[in-house]
Each structure stands twice: as structure tokens, then as C-alpha cells.
Amino acid sequence: MALNESILSERCLEQARELVRSIENGEEDRAIDHLREISRINETKMFQELGRLTRELHDTLVGFGIETEITDLAEHEIPDARERLSHVINVTDQAAHKTLTAVEEAIPVCEELENSASKIEHQWKRFISRDLSADEFRELSREIGGHLEISADRYTKIKDHLNAILMAQDFQDITGQIIRRVIGLVQDVEDKLVGLIKLSGSLDDDTNKVERKPVEKVLEGPQVPGQESATALKSQDEVDDLLSSLGF
Amino acid sequence: MNKDMKILIVDDFSTMRRIIKNLLRDLGFNNTAEADDGNTALPMLQAGDFDFLVTDWNMPGMEGIDLLKAVRADEKLANLPVLLVTAEAKKEQIVEAAQAGVNGYVVKPFNAATLKEKIEKIFERIEASQ
């Protein structure tokens, strides 16, 4: 490179002398040719310098392993995060619908019990104030009997709906785990970008190496549809089968 | 199965702890306590007379699998029945849990019937072996 530069400067000086001579001699065409040659030499120097910088940047990136990590982030991790977040939307959507369905089904049951009880209460008050005829009392007895008959069944139904609402809340644990992973990825991207910025500021400074964190991915968390691990079991039944094959 | 038995529920998500607590109450178990990871659970287990441990796997601090190993390594706790309730569904993990001496394994998301079935099975086996 140093040799190239000195030859280039020598050639520049030569062209410059020729240029002055041509102008003094009034040879305009030749003067223009020399001017063009000088700027061509300069451009060559600039492109060589650009090429050198690009090569150094590339070498440094490869040396730090950042290039492959960023490729990996762009090709796998970010689309993967997108899938995971879409799964979060699906899971929360399902949970909201399960909850709403349970509420919608439980409310009419409550209303049925409420109406039946308030009707009985009205007649019961009349009975207490001795305002009820024998026929009306027989009717009231029938209503009380009917109310008691449906009560146990309706309360069980309401309890089932409440339990469905309870179970629907399990989305928070599942989505929480998934979102935590995506937060980790965002942190990772941030660290890589900071690393890149540091690199571009100190291309020639080899002492400023970016520390590589060992990638530890022992636990996978909830399986995401379409992204399941090869060895992930798909249902509780499969888990039970595996455990029974292990003597459980 | 003794419905008064003392159960420790370990999960880093409080919503999941509440769900498990409510499901257990529905099954007739009212004597429960909660911890948010292995590091808080282990001293509670060592200090209290717990009869059953229900734990998540993936938690910050001490993970469920390490809690299970610590329990099995502790002379006083070694025979404590342990049920893992976790989103980890990989074969390697289930095998690891089995080797560490887990009594039952429920994969999230799960339902009330599964939890009931696994708990009943654990105590049936324990009663049968006594």
C-alpha cells in the first residue's frame, strides 16, 4: 500500500509538471488530458482506501463473530419472536373468549335463581302476615319445592362456570414466559447493536473485543404452535406414556 | 388421601399459584402455602411439616428441578411427594425429572381433571407401597 501511494504521488507530480508545461505552451487539449489523469489517479487512491476500510470492517466483524450472530438474529430469532408474539395474541384471545362465554352462560342461571327466589319471598311475606289463601299456600309450597329442586343443580352450574373462568387465567403464566423470552431477544439485539457501534468507532483497536456470552438454552418454555421442538411431547397423554415407559 | 395435608405451591407467576391453590381447594385441600421459587421454597419445606410439593420448573433463582434434587438430597425431605407442573414438554426434561425422583408430571396448559388425576395417582401409589 505504501509503495502504491508513493508511485501514485510520483505519477501525480509528473502529470502536474506536464500540465503546467502544456498550459505554458498553450496546448489546451493536452492540458485537459493531464487534468483528467490527475483526478483519475486521485479516484483510484480513494477507491483503494474505501476497499481497505470495507475489508477491515468485514474482517473485524467476522473476527468478533458478530456477523454470524446478527445473521442468525435476522434469519431465525426475529421471525421466531414474531411467531411467539402472535401466539401470545391467540392465547390471550382464547382466554378472553373462554371467560366471556362462562360469564354469558352463568348470568342467565343466576337470573333464573334470582327470579324464583324473589317470587317465593313475595308470597312468603304474605304467608307470614296471614294474607294467603289455602290454594295460594299450596301453590307456594309447590314453588318452594321446585326452587329447592333446581337450586343444587344451578349452583353446580355456576360453580363450573366460575372454575372455567379460573382456568382461563392460565394464559398469564404461558404468555408471561413467552414474552420474557422476547424481552431477552430484544436485549440481545440491543447488545449486538451497541457492539457494532463500538466496533465502527475503533476499527483498528483489537484490544476492544466484545465479550461473547455463552448461549445457554436449556429450558424452552411453552411450545409455540408451528415452532415445536423436535423432542417436545404434544400432550399430557404423551407425557404419561413416556413416564409409564420409565416405570411410573 | 388426607384432605388436611399441608401443600406447598411453588411458581414464579402469582396467577398460576392462585389457579393451583383454587383447584386444590376445589379438590378439598385447604391447607396450602405458596413460594415463588426454589430458594424461598426450600427453607419453608425444611422448617414446615409439608406433606406435598407442587412446583413449576422454569423459575428465576432456583429452578423446580433443582428444588426437586435438593428435596431428594435432604434426609428429612427425601420422601416428600413432588408434582411438577410445567410448560417444559421436551422428552429430555421429562426423563431428567423422572431420574431426579419426581412423583408426577403435568404439562401446562392443563385442566382441573388432569391435576386431580395425577394427585390421586401419586397418593394411591404411596398408600399402596406402605
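Before going into details, it helps to say that this report is about the structure given with it. Everything quoted here is computed from the prediction, not taken from an experiment. Chains are numbered independently. Their residues run from 1 in the order of the written sequence. Written order decides the labels, with chains lettered from A and ligands numbered from 1. Where local features are concerned, this predicted model is filtered to residues with pLDDT of at least 70; where side-chain atom pairs are given and counted, the filter is 80 or more; whole-chain, interface and lining totals use all residues.

**Section: the overall build of chain A**
Part 1 of the reasoning: Segments assigned H or I by DSSP are reported as helices when at least four residues long, segments assigned E as strands when at least two residues long, and all are numbered from the N terminus. Within chain A, the secondary structure is distributed over 6 helices and 0 strands.
Part 2 of the reasoning: Counted from the first residue to the last, chain A has its helices and strands arranged as α-α-α-α-α-α.
Part 3 of the reasoning: A buried classification covers 9% of the 248 residues belonging to chain A.
Part 4 of the reasoning: Expressed as a percentage of contacts within chain A between residues at least 6 apart in sequence, the contacts between residues at least 24 apart total 70%. Remark: C-beta atoms are placed from the backbone, and a residue is labelled buried if 20 or more other C-beta atoms sit within 10 Å of its own, exposed if 12 or fewer do, or partly exposed between those counts. C-beta atoms are first placed from the backbone for all residues, and any pair lying within 7 Å is then listed as a contact.

**A closer look at the nonpolar core**
Residue and element names in this part refer to chain B.
Part 1 of the reasoning: Each nonpolar core reported here comprises buried Ala, Val, Leu, Ile, Met, Phe, Trp, Tyr and Cys residues connected via C-beta atoms within 7 Å. In this structure, Ile7, Leu8, Ile20, Leu53, Val54 and Leu84 are the most contacted members of the largest nonpolar core, which totals 46 residues.
Part 2 of the reasoning: No other element matches helix 1 (residues 14–26), which puts 5 residues into this core.
Part 3 of the reasoning: Not counting residues up to four positions away in its chain, the partners in contact with Ile7 are Leu24, Phe29, Asn31, Thr32, Phe50, Asp51, Phe52 and Val54.

**Remarks on the interface of chain A and chain B**
Part 1 of the reasoning: Tallying the contact residues gives 25 residues for chain A and 26 residues for chain B.
Part 2 of the reasoning: Counting only elements with at least two residues in the side of chain A that touches chain B, the list comes to helix 4 (134–168), helix 5 (171–201) and helix 6 (236–245) of chain A.
Part 3 of the reasoning: When residues of the side of chain A that touches chain B are assigned to their parent elements, the largest contribution, 5 residues, is made by helix 5 of chain A.
Part 4 of the reasoning: Class assignment of the residues belonging to the side of chain A that touches chain B gives a composition of 12 nonpolar, 10 polar and 3 charged. Polar here means any residue outside two lists: the nonpolar Ala, Val, Leu, Ile, Met, Phe, Trp, Tyr, Cys and Pro, and the charged Asp, Glu, Lys and Arg; Gly therefore counts as polar.

**With respect to helix 3 (residues 64–73) of chain B**
Residues and elements named next belong to chain B.
Part 1 of the reasoning: Considered for burial, the residues of helix 3 that qualify are Gly64, Ile65, Leu67, Leu68 and Val71. Take helix 3 and look down its axis: the buried residues cluster within an arc of 160 degrees, on one side only.
Part 2 of the reasoning: Turning to helix 3, the residues buried within the fold contact strand 1 (7–10), helix 2 (38–47), strand 3 (52–55), strand 4 (82–86) and helix 4 (91–99). Read the arc as the range of directions from the helix axis to the C-beta atoms.

**Things to note about the packing of helix 2 of chain B against helix 3 of chain B**
Residue and element names in this part refer to chain B.
Part 1 of the reasoning: Structural elements are reduced to axes, namely lines fitted to C-alpha atoms, with helices fitted over the stretch in contact, and the angle between N-to-C directions of any two is expressed from 0 to 180 degrees. In contact at an axis separation of 9 Å, helix 2 and helix 3 are set at 25 degrees when each is read in the N-to-C sense. With respect to helix 3, the element helix 2 is oriented roughly parallel. In this structure, the crossing between helix 2 and helix 3 has a hand that is right-handed. Contacts between helix 2 and helix 3 involve Gly38, Ala41, Leu42 and Leu45 on the former and, on the latter, Gly64, Asp66, Leu67, Ala70 and Val71.
Part 2 of the reasoning: Its residues placed into classes, the contact of helix 2 with helix 3 shows 6 nonpolar, 2 polar and 1 charged. What sets the label is the angle itself: under 35 degrees gives roughly parallel, over 145 gives roughly antiparallel, 65 to 115 gives roughly perpendicular, and the rest give oblique. Here a crossing is called left-handed whenever its near helix is offset anticlockwise from the far helix by less than a right angle, and right-handed whenever the offset is clockwise.

**Observations concerning the sheet that holds strand 2 (residues 32–35) of chain B**
Residues and elements named next belong to chain B.
Part 1 of the reasoning: Read from one edge to the other, the open sheet built from 5 strands follows the order 2-1-3-4-5, with strand pairing classed as parallel. Of all strands in the sheet, those with a lone pairing partner are strand 2 and strand 5 (104–107), marking the two edges. Across the sheet, the mean angle from the axis of one strand to that of its neighbour is 20 degrees, orientation sign disregarded.
Part 2 of the reasoning: Its contacts with the sheet place helix 3 against strand 1, strand 3 and strand 4, and it is angled at close to 175 degrees to strand 4.
Part 3 of the reasoning: Those strands touched by helix 5 (residues 112–129) are strand 4 and strand 5, and its axis lies near 175 degrees from that of strand 5. Here the rule is simple: two strands pair whenever DSSP picks up at least two bridges between them.

**Describing unusual backbone geometry**
Part 1 of the reasoning: Look at the link from Lys108 of chain B to Pro109 of chain B: it is a cis peptide, with omega at -5 degrees.
Part 2 of the reasoning: Phi at Arg130 of chain A is positive, roughly 50 degrees, even though this residue is not glycine.
Part 3 of the reasoning: Along the chain, Arg130 of chain A turns up in the loop between helix 3 (66–128) and helix 4.
Part 4 of the reasoning: Here Arg130 of chain A falls in the exposed class, since 6 other C-beta atoms lie within 10 Å of it.

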